[in-house]
Protein chains: 2
Amino acid sequence: MTTMKEVAKEAKVSLGSVSNVINNKPVRPETKRKVEAAIEKLNYEKNDLASGFKTNRTKTIGLIIPTVWHPFFSQIAFYVEKYLLEDGYKLLLCNSNGNAGSELQYIQLLRQNMIDGIIAITYSDIEMYINSKLPFVSIDRIFSTNVNFVASKNYEGGRLAGKTLVDKGSKNLIFIGSHNKFVNATMDRRKGFVSFCKENNINYEVIDLLEPYQGLDLEIKKAFAKNPKIDGIFALNDFLGLDIIKILEEIDRYPIRDYQIIGFDGIKLSFERDYVISTIAQPISGIARKSVEILLKNIEDENHKENAYLPVDFKDGGTTW
Amino acid sequence: MTTMKEVAKEAKVSLGSVSNVINNKPVRPETKRKVEAAIEKLNYEKNDLASGFKTNRTKTIGLIIPTVWHPFFSQIAFYVEKYLLEDGYKLLLCNSNGNAGSELQYIQLLRQNMIDGIIAITYSDIEMYINSKLPFVSIDRIFSTNVNFVASKNYEGGRLAGKTLVDKGSKNLIFIGSHNKFVNATMDRRKGFVSFCKENNINYEVIDLLEPYQGLDLEIKKAFAKNPKIDGIFALNDFLGLDIIKILEEIDRYPIRDYQIIGFDGIKLSFERDYVISTIAQPISGIARKSVEILLKNIEDENHKENAYLPVDFKDGGTTW
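Worth saying up front: this structure is predicted, and the values here are computed from it rather than measured.

K.L.:
For the pattern of salt bridges, give the residues involved together with the corresponding values.
P.N.:
Residue and element names in this part refer to chain A. Inspection of the entire model under this criterion finds 31 salt bridges over all chains. Taking the shortest distance from any N to any O, the salt bridge between E293 and K297 comes out at 3.5 Å. With E293 and K297 both in helix 12 (residues 284–300), this residue pair falls four residues apart, about one helical turn. Here the residues in one salt-bridge network are K290, E293, K297 and E306, joined through shared partners.

This is the structure in structure tokens:
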């Protein structure tokens with residue numbers, strides 16, 4: 001990032017004059033011309049330069065999520081806005097639809113100094129965030145310790161799902177999920193589940209399809225045909241759990257009567273409503289609070305790096321014994 | 001709102017000088033002093049004055065909703081952001097929690113020229129919006145034709161709910177809902193339903209509690225004890241419909257087997273999922289599109305006033321015959 005000093009040197013004017021031009025304060029026309037020529041030559045926008053000034057902060061944060069029309073992401077947005085407001089910050093909402101182009105637009109906003117930082121749940125390539133050197137926190141997806149992130153303890157959550165099913169009486173377990181080609185934290189759910197089953201000599205099976213997938217219903221029906229004793233299901237997430245319940249109704253199997261099922265995420269339709277399925281609940285309010293906290297530190301100190309793994313909990317949503 | 005003309009007259013300078021001062025362009029110190037004194041005397045912030053300039057637009061809109069953590073409001077937020085983006089506008093999200101103080105904060109932002117207009121779903125007193133004379137569109141709550149609003153045809157929706165239940169075979173209907181002391185559009189749902197039943201000599205009952213209420217479950221059980229033939233329910237909204245299904249399970253009554261039920265709103269957990277209950281669906285995407293359209297017109301022309309009532313539709317969510 002070009003500094004004001006470099007501009008002053010190029011324009012052969014004082015640092016104060018550069019600052020005055022950038023901030024639209026009155027300066028002699030000749031000085032203005034020189035500074036603007038230097039800025040143009042160094043190929044930097046005014047706003048790039050201005051972004052170093054505390055006074056230019058907009059106290060606005062961009063939240064990039066795949067879609068706010070989803071109870072997990074809307075709950076994240078709800079709490080991020082709440083905690084930002086406590087610190088006098090506002091939230092600019094971006095539904096990326098998993099579209100890297102939309103995400104890029106918001107990063108450009110940030111560069112133009114219209115927002116002070118970004119919190120993102122992104123499943124696309126985020127090299128662009130990392131390279132931007134701008135305040136940024138990733139939720140859910142983990143890269144390296146060089147990138148700020150907040151995630152749940154997915155591995156422990158997978159173990160907890162297996163343990164809870166067994167403790168409540170299931171004897172034959174199955175994990176049902178999917179994964180994509182990017183490494184992401186949700187894969188640890190399956191790994192934790194499998195490690196628990198192996199250590200405890202529990203019968204288990206795994207259905208784990210590569211996204212985008214088709215024919216999940218056939219896979220599930222096949223697994224139950226082969227092993228009708230399956231009585232405990234761990235679904236990768238709550239939405240998938242709801243889908244599995246519907247698929248199993250078609251072969252006359254019902255939760256509680258025939259099996260128990262645990263999802264992952266902890267989805268509620270709104271604050272005051274119940275969980276939609278028994279679940280390993282992510283601490284969504286805590287994730288939001290921690291993300292805001294880390295981002296604000298990163299805004300104050302561009303070198304601030306912090307990673308946080310938060311603990312998960314089992315919550316009864318009426319689909320476990 | 002004070003005009004630049006009034007400031008120029010007070011300061012005894014040209015209109016151009018006032019504009020230059022407001023926009024931080026170089027002016028003689030004496031001129032600057034005079035203009036600033038006039039602004040102070042007239043008790044107006046620079047930003048109030050500046051808000052008339054197209055160049056000062058932030059291309060950012062405030063969306064005020066009770067909470068984004070609710071599938072109806074999150075769907076509204078999803079589509080409002082989508083349509084704003086098509087016009088190059090961004091969305092600042094405010095969860096008011098029904099708190100007039102939070103709403104006021106956002107109106108102040110607007111006055112400080114940090115956002116260009118507001119779209120709000122508010123159930124508190126909105127005199128403050130009306131008096132602010134700033135670009136504003138109300139969703140769902142209808143005031144006078146002096147305030148821009150977009151709402152669904154609630155009365156027709158109530159009639160459609162009654163008609164659909166009867167067409168599909170119900171003989172004994174009941175409306176179950178609640179209302180608050182403010183007049184709002186949702187009351188028309190009951191009125192439409194009742195008018196349909198009366199016109200067609202349908203047996204019907206009404207439970208309509210004053211908010212905040214308690215003991216809905218007792219009222220419902222009492223109604224079914226008194227009239228066990230009830231086989232068609234119209235719930236004020238989808239969430240209430242889901243609650244009613246749970247309450248009736250406690251007296252061993254199940255949808256489809258014993259009765260059918262229709263809610264109102266058209267809630268889906270996310271874009272790709274099914275309706276959570278059979279419903280009179282509001283055209284949420286259309287409401288968002290129309291609200292954005294009206295607001296952008298209002299930003300261009302402060303006198304623009306427009307009201308729109310959009311049609312609703314029945315959607316099968318698996319709880320009707």
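That covers the picture; the talk isn't over yet.
K.L.:
So what's going on with unusual backbone geometry? Residues and values would help.
P.N.:
Note the cis peptide between A:E211 and A:P212, where omega equals -5 degrees. By secondary structure assignment, the location of A:P212 is in the loop between strand 7 (203–210) and helix 10 (216–226). One non-glycine residue, A:D265, lies in the positive phi region at around 130 degrees. With respect to the element layout, A:D265 can be found in strand 9 (residues 260–265). The backbone of B:N201 shows a phi angle near 50 degrees, a positive value even though the residue is not glycine. Tracing the sequence through the fold places B:N201 in the loop between helix 9 (187–199) and strand 7 (203–210).

K.L.:
A description of the sheet that holds strand 9 of chain A should follow, citing residues and the corresponding values.
P.N.:
Residue and element names in this part refer to chain A. The mixed open sheet is built from six strands, whose spatial order is 7-6-8-9-10-12. Since the sheet does not close on itself, it has two edges, and those belong to strand 7 and strand 12 (313–315), each with one partner. Strand-to-strand twist in this sheet, taken as the mean axis angle between neighbours without regard to direction, amounts to 25 degrees. One ladder, built from eight bridges, connects strand 6 (residues 172–179) with strand 7; its direction is parallel. Within the sheet, the bridge partner assigned to H179 lies in strand 7 and is L210. Helix 8 (residues 154–167) rests against strand 6, strand 8 (232–235), strand 9, strand 10 (279–281) and strand 12 of the sheet, and its axis sits at about 165 degrees to strand 9.

K.L.:
Please give an account of the interface of chain B and chain A that cites residues and values.
P.N.:
On the side of chain A, 40 residues touch chain B, which itself brings 38 residues to the contact. Roughly 3500 Å² is buried in total at the junction of chain B and chain A, and carbon and sulfur atoms are behind 63% of that figure. Our enumeration of links across chain B and chain A arrives at three salt bridges. Between A:R273 and B:D243 there is a salt bridge; the shortest N-O distance is 2.9 Å. Linking chain B with chain A are eight residue pairs in polar contact (both at pLDDT 80 or more). For the side of chain B that touches chain A, the elements supplying multiple residues, two or more each, are helix 5 (71–86), strand 2 (90–95), helix 6 (100–111) and helix 11 (238–249) of chain B. Ranked by the residues each element gives to the side of chain B that touches chain A, the list is headed by helix 5 of chain B, at eight residues. Taken together, the residues that form the side of chain B that touches chain A break down as 19 nonpolar, 11 polar and eight charged. Note that strand 2 (residues 90–95) of chain A and strand 2 of chain B share three bridges and pair antiparallel. Across the sheet, residue A:L93 finds its bridge partner in strand 2 of chain B, namely B:L91.

Reading the values: rules and limits
- Residues numbered from 1 in each chain as written.
- Chains lettered and ligands numbered in written order.
- Predicted model: local features only at pLDDT ≥ 70, side-chain atom pairs only at ≥ 80, totals over all residues.
- Heavy atoms only, no water.
- Salt bridge = Lys/Arg side-chain N within 4 Å of Asp/Glu carboxyl O.
- Helix = DSSP H or I, 4+ residues; strand = E, 2+ residues; numbered from the N terminus.
- Pairing = 2+ DSSP bridges.
- Axes fitted to C-alpha atoms, helices over the stretch in contact; angles between N-to-C directions.
- Contact = heavy atoms within 4.5 Å.
- Buried area = accessible area lost by both parts, 1.4 Å probe.
- Polar contact = N/O pair within 3.5 Å; in protein donor to acceptor, adjacent residues only side chain to side chain.
- Nonpolar A, V, L, I, M, F, W, Y, C, P; charged D, E, K, R; others polar.

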